Amino acid sequence: MKQRSIIAVDGPAASGKSTVAQIVARKLGYLYFDTGLMYRAITWAAMENLIDMADEQAATLLAEQTTIEVQAASVDDGRPCDVLIGNTDITWEIRKPAVEANVSKIASYKGVRASLTAQQRKIGLRGNVVMVGRDIGTVVLPDADLKIYLDASPQERARRRYQELVSRGDAANFEEILAGVIERDRIDSNRAVAPLRAAPDAIVINSSEMAIDEVVDAIITLAEKMP
Ligand code: DC
């Protein structure tokens, strides 16, 4: 394996990307970077500032002017990292259904994507990174050394999401979550800019019937063969 490799992991909502990528990054000693949290953070900031979700210009300006801090976890509550805007810790706020209901809209805006993509590319190009999102292999880091597209059925993804919320003590309704997963897939896959899709050279893994460890092992095996 060469020095400073880049691994891109893309896939739909709740496909297990984050869980798997965190473990892969830890095993390889790489940085784990979840780009979805940036779209979520801007969505949270837009809601906080009472910005109309239909106002593309305002959302773009917000993305350009907001500094999202991602740092090592300061609290041992299951978080992979701290996410802050200013002095506000928004790590769990950005996981709430209210943010989830609006994030696909914000992520569909060209200006928002341009701003966040530039920041992500800068981090990614330093190498030794497992970067997770929807467009990492296609747009953010098209020259990544290994591209994984992790998929799972909508039912399985909704089930995982439901369990995640319940385990944190948040209110959850399976049917609503399933509808939300399907709706987010629809918006993410059909948007004009950087739609969700596997890069032609990505390796597609369907994790519906795979345990986390099996997916991790498959990716590590592929990583060991990276040029
Ligand atoms: O992976 P996630 O569920 O945290 O992503 C939140 C939203 O952000 C989701 O609707 C898709 C969008 N997103 C994106 O458009 N591009 C990325 N690279 C990462 C996330």
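Calculation criteria
Residues take numbers from 1 onward in each chain, read along the sequence in its written order. Where local features are concerned, this predicted model is filtered to residues with pLDDT of at least 70; where side-chain atom pairs are given and counted, the filter is 80 or more; whole-chain, interface and lining totals use all residues. The side-chain values count all of the structure's non-hydrogen atoms but skip hydrogen atoms and water molecules. Each helix is a run of H or I in the DSSP string that is no shorter than four residues. Each strand is a run of E no shorter than two, and both are numbered from the N terminus. Each residue is placed in one exposure class: buried if its accessible area under a 1.4 Å probe, protein chains only, is under 20% of its type's maximum, exposed if it is over 50%, and partly exposed if it falls in between. Contacts are assigned to residue pairs with any non-hydrogen atoms lying within 4.5 Å of each other. Per-residue and other accessible areas follow the Shrake-Rupley method at a 1.4 Å probe size, with only the shown protein chains counted as cover for residues. Note on aromatic contacts: the rings of Phe and Tyr and the six-membered ring of Trp form a pair at centre separations within 6.5 Å, being stacked when their planes are under 30 degrees apart, edge-to-face when over 60 apart, and tilted otherwise.

Caption draft 1: The overall build of the protein, seen in detail. Looking only at helices and strands, the protein has 9 helices and 8 strands in total. By its C-alpha atoms, the protein is 50 × 35 × 35 Å across when sized along the principal axes. Per-residue burial over the protein gives 49% buried out of 227 residues. The contacts of the protein with a sequence gap of at least 6 include a subset with a gap of at least 24, amounting to 71%. Total accessible area computed for the protein in this model is approximately 11100 Å², and 51% of it derives from carbon and sulfur atoms.

Caption draft 2: Broad picture of the environment of Arg159. Here Arg159 lies in helix α7 (residues 154-167). Measuring from C-alpha to C-alpha, the distance between Arg159 and Gly169 comes to 15 Å, with 10 residues separating the pair along the chain.

Caption draft 3: Molecular detail of the packing of aromatic side chains. A complete count under the given rule lists 1 aromatic pair for this structure. Pairing Tyr162 with Phe174 gives two aromatic rings, centres 6.3 Å apart and planes at 75°, and the pair type is edge-to-face. Pair noted here: Tyr162 is in helix α7 and Phe174 is in helix α8 (residues 174-190), with a separation of 12 residues, a long-range link. Assessed through its relative accessible area of 29%, Tyr162 is described here as partly exposed.

Caption draft 4: A look at unusual backbone geometry. You will see that Asn128, though not glycine, has its phi angle at about 50°, which is positive. Along the polypeptide, Asn128 turns up in the loop between α5 (110-124) and β6 (129-133). The phi angle at Ala194 is positive, at roughly 45°, despite the residue not being glycine. Here Ala194 shows up in the loop between α8 and β8 (203-206). Taking relative accessible area as the criterion, Ala194 reaches 14% and is therefore assigned buried.

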